[in-house]
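# What the coordinates show
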Amino acid sequence: MKKYLETDVLIVGRGMVGATTAIALARAGFNSIIIDQVKPSDQNIKTYDGRASAIASASKKMLEQLDIWDRLGENYTPIFDIRVSDQSSKHFLHYERHVLDSKPLGFMVENRHFRYAVNNELESLEPITPISNVKIETIRRNNEGVFAALTNQQTIKSTLIVGADGRQSQVRTDASIALTRFDYKQTGIVLTVEHEHDHNNIAHEHFYSGGPFAILPMKNESGKNIRSSIVWIDKTEQILKILKLPDKQFNSILNQKFGDFLGRIIVVSSKWTYPLSFQFADKCIDERLVLVGDASHGLHPIAGQGFNMGLRDVAALVEVITNNARLGLDIGGFATLREYETWRRFDNTSMLFFTDTLNRLFSNNILPLKVIRQLGLSITNNLGPLKKYLMLYAMGEVGDLPKLLKGQSL
Ligand SMILES: Cc1cc2nc3c(=O)[nH]c(=O)nc-3n(C[C@H](O)[C@H](O)[C@H](O)COP(=O)(O)OP(=O)(O)OC[C@H]3O[C@@H](n4cnc5c(N)ncnc54)[C@H](O)[C@@H]3O)c2cc1C
């Protein structure tokens, strides 16, 4: 009798990125075991995560290809325009969809809806074996494979282990992969509001000296465009003070930041807080091991790209594995993993650098920087090709894209 469960790939972490990895692998003909320390039923509930994610159009193509998008039903809201402004300055930047043949720039999806959709799809696929409420006790990796002993006394043997276990990744730590990390000393409050007027599918991002304030279009339960998700970032000490205020004072500051262009607003959700940091693993591969999503890179949410980057990791990884398997090569071998690292490293580094620079440039009151950024907004707004490039970049349509992100099968 075998002492262990055998699979092609062991995925640690059934968050939005890990669950998508399992589905993409299944579609490409690989079986996997996916484990998480939490039960999926606990992750699907409203109180687990208050965020809504801006899903780039290329990511949507991938999710359609993997049959995850259909499972969302009507639970998404297209973003047609994005309006960016800097405090009370008259300079602004408008990304309008007519610049790109009226295609939506992205789609807002509540994380709880995404989790529900992805978990339902995952449960329907035979090549995937989910195990919940467990962690890894020990991992041994060598020529023969990966041997992982779980806290429930099971042992798994796989060809490859994927660390999709988020910012505090145990897989990364266990492999002694160093991390470049610093605290932004900023925290994000996430909450949902309803307003009198239709948002017309326009997203707004106002930059204040403490951090950005984003108003992201959503629908209410009856499908009306009168709900928005707010990501309110400020210096952590300031956020902690604001959170202690009675509702009346809290709402008054919220109203000031929001403005009155959508009429009266009321808060219709709890308030969630997310302390923000920059994180980048020194490498995203090791012997028979890869990192994807936040386990590999933690971005500032200023441009709403963290999850999109995770999806790009998954698309590249599964394509590389598929191609190498077709050539008869070891899917956990160094040549395969090196290809993944080469493909993803440049894109990850550029996006980390882009979001970090954006935050540094806008989250301050330093006069010369104020002048530079206001000029920058104005120039970009009036310079067609640059504006178009930035829109395509945010939509995930630029660069050497894996097939799934182009809406192609593997
Ligand atoms: C305020 C805010 C707004 C954001 N908005 C956007 C946006 O608009 N668009 C966008 O693209 N991105 C956005 N992001 C980023 C995005 O939310 C993350 O990049 C994404 O959720 C990361 O997913 P993940 O699956 O890699 O990690 P996680 O969501 O952290 O999932 C990790 C999983 O691993 C499990 N796990 C952890 N440790 C272990 C262990 N030792 N053993 C077993 N299981 C384990 C956890 O239970 C969890 O299920 C935002 C982030 C913030 C903070």
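Below, the structure is looked at part by part. (Residues numbered from 1 in each chain as written. Predicted model: local features only at pLDDT ≥ 70, side-chain atom pairs only at ≥ 80, totals over all residues. Heavy atoms only, no water.)

## Some remarks on the nonpolar core
Formed by 69 residues in total, the largest nonpolar core has its most connected members in L10, I35, I136 and I161. Those residues in contact with L10 that lie beyond four places of it in its chain are I33, I35, I136, A148, I156, S158, L160, I161 and V162. (Core = buried A, V, L, I, M, F, W, Y, C linked by side-chain atoms within 4.5 Å. Buried < 20%, exposed > 50% of the residue type's maximum accessible area, 1.4 Å probe, protein only. Contact = heavy atoms within 4.5 Å.)

## Observations concerning the site of the ligand
D36, Q43, A54, Q170 and D294 are the nearest of the 30 residues found near the ligand. Within the side chain of R51, an N or O atom sits 3.1 Å from an oxygen atom of the ligand. At a separation of 3.0 Å, an oxygen atom of the ligand approaches a polar backbone atom of N308. At the level of secondary structure, the elements contributing two or more residues to the shell around the ligand comprise helix 1 (16–27), strand 3 (52–56) and helix 8 (306–326). Counted by class, the shell around the ligand contains twelve nonpolar, twelve polar and six charged residues. (Near = heavy atom within 4 Å. Polar contact = N/O pair within 3.5 Å; in protein donor to acceptor, adjacent residues only side chain to side chain. Helix = DSSP H or I, 4+ residues; strand = E, 2+ residues; numbered from the N terminus. Nonpolar A, V, L, I, M, F, W, Y, C, P; charged D, E, K, R; others polar.)

## A word on the side chain of S57
Take S57: it is sitting in helix 3 (residues 57–65). Residue S57 is classed as buried on the basis of its relative accessible area, which comes to 10%. A distance of 3.4 Å separates the side chain of S57 from the backbone oxygen of M395, its partner in a polar contact.

## Focus on helix 9 (residues 334–362)
Given a rise of 1.5 Å per residue, 29 residues ought to cover 42 Å, and the 41 Å separating the end C-alpha atoms of helix 9 matches this to within 8%. Of all the bends in helix 9, the largest measures some 30° and sits at R344. (Expected span 1.5 Å × (residues − 1). Bend = angle between axes of the 7 residues up to and from the residue.)

## With respect to the packing of aromatic side chains
Taken as a whole and judged by the stated rule, the model has eleven aromatic pairs. When the centroid spacing of 5.9 Å and the interplanar angle of 70° are considered together, the rings of Y4 and F147 count as edge-to-face. Highlighted residues: Y4 in the segment before strand 1 (5–12) and F147 in strand 10 (residues 145–150), separated in sequence by 143 residues. When its relative accessible area of 26% is taken as the criterion, Y4 is described as partly exposed. (Phe/Tyr/Trp six-rings, centres within 6.5 Å; stacked < 30°, edge-to-face > 60°.)

## Some details on the side chain of T20
The residue T20 is located in helix 1 in this model. Contact partners of T20, with chain neighbours within four places excluded, come to M62, L63, L66, I68, F114, V118, L311 and V314.

## Examining unusual backbone geometry
At D67, a position not held by glycine, the phi torsion is positive, near 65°. Relative to the helices and strands, D67 resides in the loop between helix 3 and strand 4 (77–79). Exposure remark for D67: the relative accessible area of 36% places this residue in the partly exposed category. The phi dihedral of R288 is positive, around 55°, even though this residue is not glycine.

## Observations regarding the environment of T47
Here T47 shows up in the loop between helix 2 (40–43) and strand 3. In this structure, the C-alpha to C-alpha distance between T47 and W272, residues 225 residues apart in sequence, is 9.1 Å.

## Things to note about the packing of helix 1 against helix 4 (residues 111–123)
For the pair helix 1 and helix 4, the least separation of the axes is 10 Å and the interaxial angle reads 30°. On the basis of their axis angle, the class for helix 1 and helix 4 is roughly parallel. Helix 1 and helix 4 meet at a crossing whose hand is left-handed. Together, M16, A19, T20, A22, I23 and R27 of helix 1 and N111, F114, R115, V118, E121 and L122 of helix 4 make up the contact between the two elements. Of the residues in the contact of helix 1 with helix 4, the class split is seven nonpolar, two polar and three charged. (Axes fitted to C-alpha atoms, helices over the stretch in contact; angles between N-to-C directions. Parallel < 35°, antiparallel > 145°, perpendicular 65-115°, else oblique. Left-handed = near helix turned anticlockwise from the far one by under 90°.)

## Here we look at the pattern of salt bridges
Taken as a whole and assessed by the stated rule, the structure comprises 23 salt bridges. Salt-bridge contacts for R115 lead to D49; the nearest nitrogen and oxygen are separated by 2.8 Å. A residue pair is termed long-range when its members are at least 10 positions apart, and R115 in helix 4 and D49 in the loop between helix 2 and strand 3 qualify at 66 residues. Each member of the pair R115 and D49 is classed as buried. For the salt bridge of E121 with R71, the shortest nitrogen-to-oxygen distance reads 2.7 Å. On the criterion of sequence distance, the pair formed by E121 in helix 4 and R71 in the loop between helix 3 and strand 4 is long-range, its members being 50 residues apart. Given the relative accessible area of 5%, E121 is considered buried. We classify R71 as partly exposed; its relative accessible area is 40%. Within the structure, one salt-bridge network assembled from shared partners comprises R27, D67, R71 and E121. (Salt bridge = Lys/Arg side-chain N within 4 Å of Asp/Glu carboxyl O.)

## A word on a nonpolar patch on the surface
Residues L367, V371, L375, I379, L383 and L386 make up a contiguous nonpolar surface patch of about 540 Å² in total accessible area. For the nonpolar patch, the element with the most residues is helix 10 (residues 367–382), which contributes four residues. Here L386 shows up in helix 11 (residues 384–394). (Patch = residues over 30% accessible without salt bridge, like charges linked within 9 Å, V, L, I, M, F, W, Y side chains within 5 Å. Areas by Shrake-Rupley, 256 points an atom, 1.4 Å probe, with all protein chains shown as cover.)

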